Amino acid sequence: MLAPPTGTAALRSPVLSNRRKVAAALITALIASLLLFVPMRSAHAADTLLSQGKTATASSTENGGTPASAAVDGNTGTRWSSAASDPQWLQVDLGATDTVTSVTLNWETAYAKAFKIQTSADGTNWTDVYSTTTGTGGVQNLTVNGSGRYVRIYTTVRATQYGVSLWEFQVFGSTGGGTNPGAGTLLSQGKTATASSTENAGTPASAAVDGNTGTRWSSAASDPQWLQVDLGATATLSSVTLNWETAYAKAFKIQTSADGTNWTDVYSTTTGTGGTQTLNVSGSGRYVRVYGTVRATGYGYSLWEFQVFGTTGGGGTTTPPTTPPTTDPGGPIQGGGDLGPNVKVFDPSTPNLQGQLDQIFQQQESNQFGDARYQVFFKPGTYNGLNDQVGFYTSVSGLGKNPDDVQINGDITVDAGWFNGNATQNFWRSVENLAVKPVSGDDRWAVAQAAPFRRIHVEGGLNLAPASYGWASGGYIADSKIDGTVGPYSQQQWYTRDSSIQGWTNGVWNMVFSGVQGAPAQGFPNPVYTTLNTTPESREKPYMYLDGNNYSVFVPNLRTNASGVSWPNTPGTSIPLTQFYVAHPGDTAAHINAALAQGLNLLLTPGIYHVDQPINVTRANTVVLGLGYATVIPDNGVDAVKVADVDGVKLAGFLIDAGTGNSAQLLQVGAPGSNASHASNPTTVQDVFARIGGAGPGKADTAFEINSNDVIIDHTWLWRADHGAGVGWTTNPSNTGLRVNGNNVLATGLFVEHFEKYDVEWHGQNGKTIFFQNEIAYDPPNQAAIQNGSIRGYAAYKVDDNVTSHEGWGLGSYCNFTADPTIVQDHGFEAPNNPGVKFHDLLVVSLGGMGQYAHVINNIGPGTSGTSTVPSTVTSYP
């Protein structure tokens, strides 16, 4: 963004998939009927089906309707299917070590050409018992010879463009092979117990190992949760007794560990019965825990007693590796953990606190395309005399439950001294969840795109311009309370949502407010205010906080017709960090996906993440939260992130940077053809940004593709770079910024710039956009390069001709054709002439006369002319 000064792999279509599913089911039924007249293979006749109904996990799932469990449920009308990449795996936990004699694979049409059957004693170290590179699909009966508790199929080459898909994965053999040392001694009573959470102070972890069946441990009402006991020394285990209160676990594991960090399963079930369960186990370790993944009730987990029996001594357990495997994750993956070296956590007593903040800023002040990323956290308390200057790729956040829990008597500052007083490139930085009392009375936050100001209490005024009052073109405020006046001064456009202010001084081109108490009255185009009393729907961004001494992530509830801030006491749900996979740069996509498939949420610590397959989010209500502008780069032309068509996923706080291979899209929410309703629990995409070029050459056909219904896009900047490295019409090509195919999609704070065709292309019904900021691509070499049939140029915001319901408020588009200033753009906006398609307060601007618009929307509205940089406006369409 650089403006002149002013005077003041797509997933399969469900339709196709369902047709294939029906056809395959009919074929399977025919085969089954024929088998009534054909003798079964002797191996199956002699051996037992071991896998049916057991716990199954997978490297990925195509969507929420094709889980791993569907391949072991005995139903040939349900199936597991994976993401469309190699390798993939599906494994089943037999519950004990068994002898395996044969495996039957009942493939859906999407089968594997090359795969292995493998066994394992611990879910980590695997032995091949079958291998082929000439898989045929259909129903394959494979004779094998091996033993293990875990059996999996590991595919390396798909036979189709889709993922791999199995109606059934059946393991046959004979039980036995494990050991049972007998009842043993009660080892756990009175020992140290800890837990992932407690319901309240009256239900501590220690109550489950005190020998008193009148006291109990109970957890928070969320999944997963765990209770562990430290036996004090390594012991050989023989059995575990669980004395459940009414709130029991339907699915859980018993696990052992030598160090309390790396865990091995010794028992697993998805059919827990509650009551008193005595479980024979075989293993050893100093630490033993019950790990609950599915609750049987709406409450947390609750145990009167957790008893571990066995004998002391016996050596350590086999543990998984301490670093993630590169392509072959196996066994349970633990939540929680270290936040890494670039998360800086301060409290009021931290020595040389100002010096540490200054050191980060000195590194990041002008580091526009560098690799360094930082998250600065302030613990609850009062901080005096600080001035935290915020540079590139730096997020500053309070760790309180409410903003006023962190009181900074000082300043949180963004200025533009590094760029000669020009704030138009102050990108990629943020501040969140704290209170600031500025020294001078006004805090300075002179930013451009991708620099959110969220959940802040300013005990004074807020100045959005650089100290020189030079060029400025941002920005975004949400869920914030400013006790004084907000002065945008030279800021050309700005969006403020669900906040409270005492006043607003001026506007240049486009100031938009929704749900802002104290906002100026509607006045566009003079004054340039677009004001909505409420925001139709909003859900504030998830944020980290300290719950006692433990990190948690708070997920605010959905609000409808919102006005004003959500705090204090924001309604929502708290998720302990132990329910997140804490990722670090160097983690592979396969390992991250295994953690997600296991049921963990995802926390991306600051840094750069190269992925060779999409990060696949397939579980409803999953939270993916980035710290310090964690950046995902897709390699070899894969998509960076894919979200299944499920309820309530929350994506927040990270940057996707296109790789050198051409990605079909960087983010895809819902597979093409998704049609489920998520009206009561929409997916949210907040402070998730995309970049093509700038940090180096990058390619992507589309930045974001939204196929699911009922998605809220709350503040994004999708940017095909106009400066930096790897920039040029053919160097960083990208056609579309945002393509919306889903219905009932709402965008609040939509920034999209410089794409080579439509910046926004909207096909879904009943879409809404509140505030849109756009610059048409600077660099088309000539008029012919952007000729769109008979139309000169591609509209910045295109509503498809078939759409009958759509509405937008406060939308602006600017042209600056630096390569050929004679280019004419027919219009900034294009939409069908339909009474259900409505726009309010549109503008187009020619920046210094570098090209012109002929109209504002379709053939309506005056064109731009000359070099005076004066907006042309339409207040109402049609």
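Cut-off values and rules
Residues numbered from 1 in each chain as written. Predicted model: local features only at pLDDT ≥ 70, side-chain atom pairs only at ≥ 80, totals over all residues. Heavy atoms only, no water. Helix = DSSP H or I, 4+ residues; strand = E, 2+ residues; numbered from the N terminus. Buried < 20%, exposed > 50% of the residue type's maximum accessible area, 1.4 Å probe, protein only. Pairing = 2+ DSSP bridges. Salt bridge = Lys/Arg side-chain N within 4 Å of Asp/Glu carboxyl O. Contact = heavy atoms within 4.5 Å. Axes fitted to C-alpha atoms, helices over the stretch in contact; angles between N-to-C directions.

Draft legend 1. Summary view of unusual backbone geometry. Geometrically, the link from Gly 474 to Gly 475 is a cis peptide bond, its omega value of -5° lying close to zero. In this structure, Pro 878 follows Tyr 877 across a cis peptide bond, with omega equal to 0°. Within the secondary structure layout, Pro 878 lies in the segment after strand 59 (872-877). For Tyr 393, which is not a glycine, the phi torsion comes out positive at approximately 50°. Considering the arrangement of structural elements, one finds Tyr 393 in the loop between strand 19 (381-389) and strand 20 (394-398).

Draft legend 2. Fine view of the pairing of strand 20. The buried fraction of strand 20 is high, at 5 of 5 residues. Pairing of strand 18 (residues 374-378) with strand 20 involves 5 bridges; the strand directions are parallel. By the bridge assignment, Gln 375 is partnered in strand 20 with Ser 395. Note: strand 20 against strand 22 (residues 429-436), 4 bridges, orientation parallel. The residue bridging Ser 397 from the neighbouring strand is Glu 432, located in strand 22.

Draft legend 3. Representation of the pattern of salt bridges. Counted under the stated rule, the structure contains 26 salt bridges. Asp 93 is the salt-bridge partner of Arg 149, the closest N and O atoms lying 2.8 Å from each other. Here the residue Arg 149 occupies a position in strand 7 (residues 139-158), and Asp 93 occupies one in strand 4 (residues 88-107), the gap between them amounting to 56 residues. Asp 93 matches Arg 149 in its accessibility class, with the two residues each being buried. Its salt-bridge partner being Lys 642, residue Asp 639 comes within 2.8 Å of it at the nearest N-O pair. For Asp 639, a relative accessible area of 2% puts it in the buried group. Judged by relative accessible area, which is 3%, Lys 642 ranks as buried. Counted as one network, the salt bridges with shared partners bring together Arg 454, Arg 497, Asp 498, Glu 540, Asp 687 and Asp 714.

Draft legend 4. Spatial organisation of the environment of Arg 559. Within the secondary structure, Arg 559 is located in strand 35 (residues 558-562). Arg 559 sits in the buried class, given a relative accessible area of 19%. Between the C-alpha atom of Arg 559 and that of Gly 694, which follows or precedes it by 135 residues, the distance is 37 Å.

Draft legend 5. View of helix 4 (residues 589-598). Among the 10 residues that make up helix 4, 8 are buried, leaving the element largely enclosed by the rest of the structure. All of the buried residues along helix 4 are Ala 589, Ala 590, His 591, Ile 592, Asn 593, Ala 594, Ala 595 and Leu 596. Residues of helix 4 that are buried sit in contact with strand 4, strand 37 (580-583), strand 38 (601-604), strand 39 (608-611) and strand 40 (615-617). Positive phi shows up at Gly 599, right after helix 4, with a value of about 115°.

Draft legend 6. Fine view of the sheet that holds strand 33 (residues 543-547). The strand order across the open sheet built from 3 strands is 33-34-36, with neighbouring strands paired in antiparallel fashion. If you trace the sheet from one side to the other, it starts and ends with strand 33 and strand 36 (572-576), each paired once. Between one strand axis and the next, the sheet turns through 40° on average, direction left out of account. Where strand 34 (residues 550-556) and strand 36 come together, 5 bridges link them in antiparallel fashion.

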